[in-house]
Amino acid sequence: MAPTQDIIAAVATAPGRGGIGVVRISGPALADYGQQLLGQLPQPRMATLVDFPDGAGAVIDQGLALYFPAPHSFTGEDVLELQGHGGPVVLQLLLARCLDLGARLAEPGEFTRRAFLNGKLDLAQAEAVADLIDASTQAAARSAVRSLQGEFSREIHSLKDELVELRALTEATLDFPEEEIDFLQSANAFGRLDALQARLDGLFARAHQGKLLQGGLHVVLAGRPNVGKSSLLNALAGDELAIVTPVAGTTRDVVRGSLQINGIPLHIIDTAGLRETEDEVERLGIARTWKEIEQADVVVLLQGPDAEPEGAALAERLPAHLPRLTVHNKIDLSGAPAARETGPDGQVSLYLSAKTGAGMDLLKEELLRIAGWHQAEDVFIARERHLRALSQARDHVAAARARLPALELFAEELRLAQGALGEITGEFSADDLLGEIFGRFCIGK
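Residues numbered from 1 in each chain as written. Predicted model: local features only at pLDDT ≥ 70, side-chain atom pairs only at ≥ 80, totals over all residues. Heavy atoms only, no water.

The name given to the chain in an unreviewed UniProt entry is tRNA modification GTPase MnmE, with the source organism recorded as Azospira inquinata. According to the UniProt record, the Subunit (unreviewed entry) comment for the chain reads "Homodimer. Heterotetramer of two MnmE and two MnmG subunits." Comment text from UniProt for the chain, heading Subcellular location (unreviewed entry), reads "Cytoplasm". (UniProt positions renumbered as here; feature names shortened; annotations may be inferred.)

Right, dumping it as structure tokens:
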């Protein structure tokens, strides 16, 4: 996709009132445009105090203008930033003046998209811009900055370089078979593949950590009525998000709460108690419960002080692939201590009290364990599509090893692995994928 030649403009600061507001303008040549807008074009990269006039010459606002000539700008084009007072009306008047002079309103993410198309950022770095803006924890923000600075991309390019070198050796062997080069031995094919697989495995693990930081963990609390789901949600969130009464069936709709554990966002979802009922409203709530379970990352299956037969029946109905954690609540009634047990089938059960808080630390630790989180300083932000591409690359490298000594098939698997990695940085990306990615950005970024 080639960069466009038109001028775009948008308010680059968040909606609402603020001390400062920024209107950003980007285009292939802004010298004449800036002269019409401001009367004089500021010196490159120097903040200049100017008036912002309307079409009749009346002053809309006074502020700073900054001019960044191409290619030394965020988008790689000429960029003009107008920094004025952050009132919504003032900013809209200034933006309207920019549009009157021939600019068009930027689409969501179009500034960053142009930076990608002009080679200022690769696709992984461009996505990190949005992830940095959306970061809900300090760990997520630090990881997004690492991706934005190119740490993730450098790892990808390093792996691709190794694949290209191995492909070149393979092609040379195929082109000159009369030299009878023992490719497997001279090129150390097996050793190189083992090293590639190990690096891909390590990169996938770090990217998975970044995916947790980016999207968080969706945890659904499920169980029979009156086993303490709402109490557990309140205890985890540290707030009275859900109504708690002794009456079974109080919760009839989904209630959501969020918290952080070691920098990981946890999205906790309280649901209606699962039981047979003739109440139409409660039945709708139960249907929503099963829908939430299907979309969950983890299900916490709550039981009361006594393990009811219905609890085992509910466990059988849960999707087989879905991680689950059985929690026996209300140990305060029996006086039993908080505990963690592992059954013969490897399933973990916790004993705690949402009312007193006993055992809540065990629950938080277990949720992080199920998620696969471990504290690390070299994590970079990642997305689901990155994990899919890395997984495909791992599969192709493993398949390449299985293809030996058939070098034609070996080379093809290496090519497919290289293509999968190229999708991460955007070297092989369809226009519809770019539209989906940048369409989720805010306008002005």
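Now that the structure is up, let's keep going.
Participant: How should I be thinking about the overall build of the chain in this particular structure?
Facilitator: Summing up its helical and strand segments, the chain has 15 helices and 13 strands in all. Residue burial in the chain is summarised as follows: out of 445 residues, 46% are buried. In the chain, once contacts between residues fewer than 6 apart in sequence are set aside, the share between residues at least 24 apart is 66%. Carbon and sulfur atoms form 52% of the exposed surface of the chain, whose accessible area is close to 21,300 Å². (Helix = DSSP H or I, 4+ residues; strand = E, 2+ residues; numbered from the N terminus. Buried < 20%, exposed > 50% of the residue type's maximum accessible area, 1.4 Å probe, protein only. Contact = heavy atoms within 4.5 Å. Areas by Shrake-Rupley, 256 points an atom, 1.4 Å probe, with all protein chains shown as cover.)

Participant: What am I meant to see in the nonpolar core here?
Facilitator: Across soluble globular proteins, nonpolar side chains have a tendency to be buried as a group. In terms of nonpolar packing, the biggest core is built from 35 residues, with V219, L232, L266 and L363 touching the most fellow members. Looking at this core, the element that brings in the most residues is helix α12 (residues 360–371), giving five residues. Residue contacts for V219: discarding those within four places in its chain leaves L266, H267, I268, I269, V298, V300 and L367. I156, A189, L200 and A420 belong to the second-largest nonpolar core, a separate cluster that totals 29 residues. (Core = buried A, V, L, I, M, F, W, Y, C linked by side-chain atoms within 4.5 Å.)

Participant: What should I look at first to understand the UniProt feature "binding site: (6S)-5-formyl-5,6,7,8-tetrahydrofolate" (unreviewed entry) in the chain in this one?
Facilitator: Per the UniProt record, "binding site: (6S)-5-formyl-5,6,7,8-tetrahydrofolate" (unreviewed entry) is found at R24, E81, K120 and K445. Secondary-structure assignment places R24 in strand β2 (residues 18–27). Overall, the relative accessible area of 12% leaves R24 in the buried class. Residue position: E81 is located in strand β5 (residues 78–86). E81 gets classed as buried once you look at its relative accessible area, which sits at 14%. Among residues more than four places away in sequence, those in contact with E81 are V22, V23, R24, L64, A65 and L66. Among the polar contacts made by the side chain of E81, one reaches the side chain of R24 at a distance of 3.1 Å. (Polar contact = N/O pair within 3.5 Å; in protein donor to acceptor, adjacent residues only side chain to side chain.)

Participant: Help me understand a nonpolar patch on the surface, please; the structure alone is not making it clear to me.
Facilitator: On the surface, L99, L105 and I443 cluster together into a nonpolar patch covering about 230 Å² of accessible area. Along the chain, L105 turns up in strand β6 (residues 104–105). (Patch = residues over 30% accessible without salt bridge, like charges linked within 9 Å, V, L, I, M, F, W, Y side chains within 5 Å. Salt bridge = Lys/Arg side-chain N within 4 Å of Asp/Glu carboxyl O.)

Participant: What is the right way to read helix α2 (residues 88–100) from this model?
Facilitator: Taking 1.5 Å of rise per residue, 13 residues should cover 18 Å, and α2 covers 18 Å from first to last C-alpha, within 8% of that figure. Considered for burial, the residues of α2 that qualify are L91, L94, L95, R97 and C98. All buried residues of α2 project into a common sector of 155° when viewed along the axis, lining one side. Turned more than 90 degrees from where α2 packs its buried face, V89 and D100 sit exposed. At the C-terminal side of α2, G102 shows a positive phi close to 115°. (Expected span 1.5 Å × (residues − 1). Arc of directions from axis to C-beta.)

Participant: What is the right way to read unusual backbone geometry from this model?
Facilitator: In most cases, non-glycine residues show a negative phi, while peptide bonds are predominantly trans. Looking along the chain, the bond that leaves A70 and enters P71 is cis, with omega of 0°. Looking at the secondary structure, you find P71 in the loop between β4 (59–68) and β5. The phi dihedral of R45 is positive, around 60°, even though this residue is not glycine. The phi torsion at K330 lies on the positive side, around 70°, for a residue other than glycine.

Participant: Before we go on, may I ask you to explain the sheet that holds β2 in this structure?
Facilitator: One open sheet accounts for six strands, arranged β3-β4-β5-β2-β1-β6; its pairing is mixed. In this open sheet, the two strands that pair with only one neighbour each are β3 (48–53) and β6. Relative to β6, strand β1 (residues 8–11) runs parallel, the two sharing two bridges. Within β6, the position partnered with A9 by the bridge is L105. Where α2 meets the sheet, its contacts fall on β1, β2, β3, β4, β5 and β6, and the angle it forms with β2 comes to roughly 15°. (Pairing = 2+ DSSP bridges. Axes fitted to C-alpha atoms, helices over the stretch in contact; angles between N-to-C directions.)

Participant: Mind showing me how you'd approach the pattern of salt bridges here?
Facilitator: Pairs can form between side chains of opposite charge once their charged atoms are near each other. The tally for this structure, following the rule as stated, stands at 20 salt bridges. Among the ionic pairs, E77 bridges to R114, the shortest N-O distance being 3.0 Å. With E77 in the loop between β4 and β5 and R114 in helix α3 (residues 110–117), this pair connects stretches of sequence that are 37 residues apart. There is no split in this pair, since E77 and R114 are both buried. R192 is paired through a salt bridge with E165; the nearest N and O atoms lie 3.4 Å apart. You can see R192 sitting in helix α8 (residues 189–215) and its partner E165 sitting in helix α6 (residues 151–175), a full 27 residues away along the chain. For R192, a relative accessible area of 27% corresponds to the partly exposed category.

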